[in-house]
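One letter stands for each residue in the lines below.
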Amino acid sequence: MARKKAALDFEQSLTDLQALVERLETGELSLEDSLTAFEQGVRLTRECQTALAQAEQKVQILMERNGELEEAPFDADQQA
């Protein structure tokens, strides 16, 4: 269940980020609103980068087991 939630969180963050970029590109936001949206975009970008880095590390763990696909323990808290 945690994997599905993480995937949904990533997908939602990515969707939110795309919407923010579209809003910023319109040029219709005030300076203050643009700065707030930019700050939120930076946060969402970092969340997405973290999720992608963790997924990449998990794939590396799976692939580096003497050529066999064998899952190894992965502690995301240690990697962050």
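Everything discussed here concerns the structure shown above.
To start, this report covers the structure provided alongside it. (Residues numbered from 1 in each chain as written. Predicted model: local features only at pLDDT ≥ 70, side-chain atom pairs only at ≥ 80, totals over all residues. Heavy atoms only, no water.)

Remarks on the overall build of the protein
Tallying secondary structure elements over the protein gives three helices and zero strands in all. Listed by position from the N terminus, the elements making up the protein come as α-α-α. A buried classification covers 11% of the 80 residues belonging to the protein. Sequence separation of 24 or more characterises 37% of the internal contacts of the protein that already satisfy a separation of 6 or more. Surface accessibility of the protein: about 6,700 Å² in total, with carbon and sulfur atoms responsible for 53%. (Helix = DSSP H or I, 4+ residues; strand = E, 2+ residues; numbered from the N terminus. Buried < 20%, exposed > 50% of the residue type's maximum accessible area, 1.4 Å probe, protein only. Contact = heavy atoms within 4.5 Å. Areas by Shrake-Rupley, 256 points an atom, 1.4 Å probe, with all protein chains shown as cover.)

Looking at the pattern of salt bridges
A full pass over the atoms with the stated rule returns one salt bridge. Here Glu47 and Arg43 are joined by a salt bridge, their closest N and O atoms 2.7 Å apart. With Glu47 and Arg43 both in helix H2 (residues 31–63), this residue pair falls four residues apart, about one helical turn. Exposure remark for Glu47: the relative accessible area of 35% places this residue in the partly exposed category. (Salt bridge = Lys/Arg side-chain N within 4 Å of Asp/Glu carboxyl O.)

A word on H2
The periodicity of an α-helix, 3.6 residues per turn, causes residues three or four positions apart to be oriented the same way. The first and last C-alpha atoms of H2 sit 47 Å apart over 33 residues, in line with the 48 Å expected at 1.5 Å per residue. Every buried residue of H2 is listed here: Ala37, Gly41, Leu44 and Cys48. (Expected span 1.5 Å × (residues − 1).)

Some remarks on the environment of Ala37
Turning to its location among the elements, Ala37 is positioned in helix H2. Ala37 sits 13 residues away from Leu24 along the chain, and the two C-alpha atoms are 7.5 Å apart. Once residues lying within four places of it in the same chain are set aside, the contact partners of Ala37 are Leu20, Leu24 and Leu29.

Details of the environment of Gly41
Relative to the helices and strands, Gly41 is located in helix H2. When its relative accessible area of 10% is taken as the criterion, Gly41 is described as buried. Taking the C-alpha atoms as reference points, Gly41 and Gln18, 23 residues apart in sequence, are found 8.9 Å from one another. Discounting residues that sit within four places of it in the chain, Gly41 has contacts with Leu17 and Leu20.

Let's talk about the side chain of Ser13
You can see Ser13 is positioned in helix H1 (residues 2–26). Excluding residues that lie within four positions of it along the chain, Ser13 makes contacts with Leu44, Glu47 and Cys48.

Any functional reading would require information that these geometric values do not contain.
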